[in-house]
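# Commentary on secondary and tertiary structure
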Amino acid sequence: MKRRDKYNYYLDIAETVLERGTCLRRNYGSIIVKNDEIISTGYTGAPRGRKNCIDLGSCIREKLNVPRGTHYELCRSVHSEANAIISASRRDMIGSVLYLVGKDSKTGEFVKDANSCAMCKRLIINAGIEKVVIRDTKDEYRVIYIKEWVEDDDSLTVQQGY
């Protein structure tokens, strides 16, 4: 029997977290881990106390046919990375790893080329997170070192992500 590698172990947990997501387009799950301890989790959903898209039965971005990666200001949801970050202390996040998994809400397939949006990238940098691990398939992932985002300032203005 082969033991599951650590990155996929944490990605599996983030994948379970995304099942709480309430977006009708794409749901993401994030967990922040430091020293093999889960610091916090987050999934895509409306701010506390507000109605979620699944409760309303509609998505304004979908209604307006807004392309992926643009006009997040129209969205009701808080991204999973932001929810994980606001649930943790910065001192606990410094040097940590954020694990991110995204799935299409309709097909259940992993989001192709998933990445954090420009705003979440800024939050991740300020939180002191060291790297982000993003699931591409059930067993494949990418590791992104946050210093690359800092060094490549243009990556924070290009909308790629949800």
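Residues numbered from 1 in each chain as written. Predicted model: local features only at pLDDT ≥ 70, side-chain atom pairs only at ≥ 80, totals over all residues. Heavy atoms only, no water.

All right, on to the UniProt feature "binding site: Zn(2+)" (unreviewed entry) in the chain then. Under the UniProt annotation, "binding site: Zn(2+)" (unreviewed entry) lies at His79, Cys117 and Cys120. Spanning 42 residues, the named residues nonetheless gather at one spot, since no C-alpha pair among them exceeds 8.9 Å. With respect to the helices and strands, histidine 79 occurs in the loop between α3 (60-63) and α4 (80-86). Histidine 79 sits in the buried class, given a relative accessible area of 9%. Checked against the element boundaries, cysteine 120 lands in helix α6 (residues 118-127). In this structure, cysteine 120 is in contact with His79, Glu81 and Ala82, ignoring residues within four places of it in sequence. (UniProt positions renumbered as here; feature names shortened; annotations may be inferred. Helix = DSSP H or I, 4+ residues; strand = E, 2+ residues; numbered from the N terminus. Buried < 20%, exposed > 50% of the residue type's maximum accessible area, 1.4 Å probe, protein only. Contact = heavy atoms within 4.5 Å.)

What sets the pattern is the α-helix's 3.6 residues per turn: residues three or four places apart point alike. Among the residues making up α6, those that are buried are Ala118, Cys120, Lys121, Ile124 and Ala127. Turning to α6, the residues buried within the fold contact α4, α5 (90-93), β3 (97-104), β4 (131-135) and α7 (146-151). Looking at the residues trailing α6, positive phi occurs at glycine 128, about 90°.

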